[in-house]
Amino acid sequence: ADLWQGKVDPANIVITGATASLVRDAEGNLVGKTSAQGAAKGAAPDPDAIFAALAGKTIRLVDTRVSLMDQVSNFAFDVQLATLDLQGDGGDGLTSLKGAGTVNGQPLDLSAAAGPDAPLTLTATSAATALSFTGAEGSKGLSALSGQIALQSSDISQTLKVLQLEPVLGGTANAHAILGQ
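Every value quoted in this text rests on a predicted model; they were computed, and no experiment measured them. (Residues numbered from 1 in each chain as written. Predicted model: local features only at pLDDT ≥ 70, side-chain atom pairs only at ≥ 80, totals over all residues. Heavy atoms only, no water.)

Draft legend 1. Region of the structure containing the overall build of the chain. Counting its regular elements, the chain contains two helices and eleven strands. For the chain, the sequential pattern of α-helices and β-strands runs β-β-β-α-β-β-β-β-β-β-β-α-β. Expressed as a percentage of its 181 residues, the buried residues of the chain come to 23%. Sequence separation of 24 or more characterises 41% of the internal contacts of the chain that already satisfy a separation of 6 or more. (Helix = DSSP H or I, 4+ residues; strand = E, 2+ residues; numbered from the N terminus. Buried < 20%, exposed > 50% of the residue type's maximum accessible area, 1.4 Å probe, protein only. Contact = heavy atoms within 4.5 Å.)

Okay, here's the thing in structure tokens:
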């Protein structure tokens, strides 16, 4: 009862076995199920309020699984994370996320950082593939995503395996795109 009344303010939270399954159906609608299906519903919280609530706190997810199936393209992602650590602002103005696991059976490392006065940065690396997002100069937090997306592959055949496609191509690849509002 003390937790619900705000008398307890936990600093280190560990969640084990969280799951989310998302499906994009034939009409393009995204539907999903989570292990927290009974969670309260309401308006999405303000990103600045989230950053403030996480300040000085650590949340660790252990044995987390997220699956995404696109019934339009038959594309699937199965992400299993042994650990996913969310570290609230410890005085540097940034909230960070770090995780390790697999995507479609291939090794995956994730890292991200954002803050109310700093742009979002994100890096996902699997096998010979690195995907990154760097928020545009002047963008702040999570509310207005604009910036540069980069994809680098030092071995296209390995990248195709991560995507569960036949590795019929070889070589290297680099792609860059600008995401605007």
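There is more to say, and it comes next.
Draft legend 2. Main features of the packing of aromatic side chains. If you walk through the whole model with that rule in mind, you get one aromatic pair. Measuring from ring centre to ring centre gives 5.0 Å for F75 and F77, while their planes differ by 80°; the resulting arrangement is edge-to-face. Judged by relative accessible area, F75 falls into the partly exposed class, the value being 26%. (Phe/Tyr/Trp six-rings, centres within 6.5 Å; stacked < 30°, edge-to-face > 60°.)

Draft legend 3. Quick peek at the nonpolar core. If you look at the biggest cluster of nonpolar residues, it comprises eleven residues: A18, L54, I59, L61, V79, L81, L84, V103, L108, A124 and V162. When contributions to this core are tallied by element, the ones reaching two or more residues are β4 (58-70) and β5 (75-87). With three residues, the top contributor of residues to this core is β5. Setting aside its immediate chain neighbours within four residues, L84 contacts I59, R60, L61, L97, K98 and G99. (Core = buried A, V, L, I, M, F, W, Y, C linked by side-chain atoms within 4.5 Å.)

Draft legend 4. Looking closely at a nonpolar patch on the surface. Together, L131, L145, I149, L151 and L179 make up an exposed nonpolar region whose accessible area comes to about 350 Å². Looking at the secondary structure, you find L151 in strand β10 (residues 147-153). Looking at L151, the relative accessible area reads 35%, which means it is partly exposed. (Patch = residues over 30% accessible without salt bridge, like charges linked within 9 Å, V, L, I, M, F, W, Y side chains within 5 Å. Areas by Shrake-Rupley, 256 points an atom, 1.4 Å probe, with all protein chains shown as cover. Salt bridge = Lys/Arg side-chain N within 4 Å of Asp/Glu carboxyl O.)

Draft legend 5. Up close: the side chain of T159. For T159, the position within the fold is in helix α2 (residues 156-162). The exposure class assigned to T159 is buried, which follows from its relative accessible area of 12%. Among the polar contacts made by the side chain of T159, one reaches the side chain of S153 at a distance of 2.6 Å. (Polar contact = N/O pair within 3.5 Å; in protein donor to acceptor, adjacent residues only side chain to side chain.)

Draft legend 6. The arrangement of the confidence of the model for the chain in detail. Averaged over all residues, the pLDDT of the chain is 82; the fraction at 70 or higher stands at 83%. Confidence drops under pLDDT 50 across residues 1-6; counting only partners more than four residues distant or on other chains, this segment forms four contacts. (pLDDT = per-residue confidence, 0-100.)

Draft legend 7. Local environment of the layout of surface pockets. The space that makes up the largest pocket amounts to roughly 810 Å³. Taken together, 31 residues line the largest pocket, and the ones lying closest to its centre are F77, V79, V103, L108 and L110. Elements that contribute at least two residues to the lining of the largest pocket include exactly β2 (19-24), β4, β5, β7 (106-115), β8 (118-126), β9 (129-135) and α2. A total of six residues in the lining of the largest pocket trace back to one element, the largest contributor, which is β4. (1 Å grid on protein atoms, 1.4 Å probe; cavity = no way out; pocket = protein on both sides within 12 Å on 5 of 7 lines; lining within 4 Å. Points joined across faces, edges and corners; volume = space filled by probe spheres on them.)

Draft legend 8. Representation of the pairing of strand β6 (residues 95-103) within the structure. When β5 meets β6, the two strands line up antiparallel, connected through eight bridges. When the sheet's bridge partners are listed, D85 is paired in β6 with K98. Bridge count between β6 and β7: nine bridges; the pairing is antiparallel. When the bridges of β7 are listed, T102 appears paired with P107. In this antiparallel pair of consecutive strands, β6 and β7, the connection spans two residues, and N104 shows a positive phi of 50°. (Pairing = 2+ DSSP bridges.)

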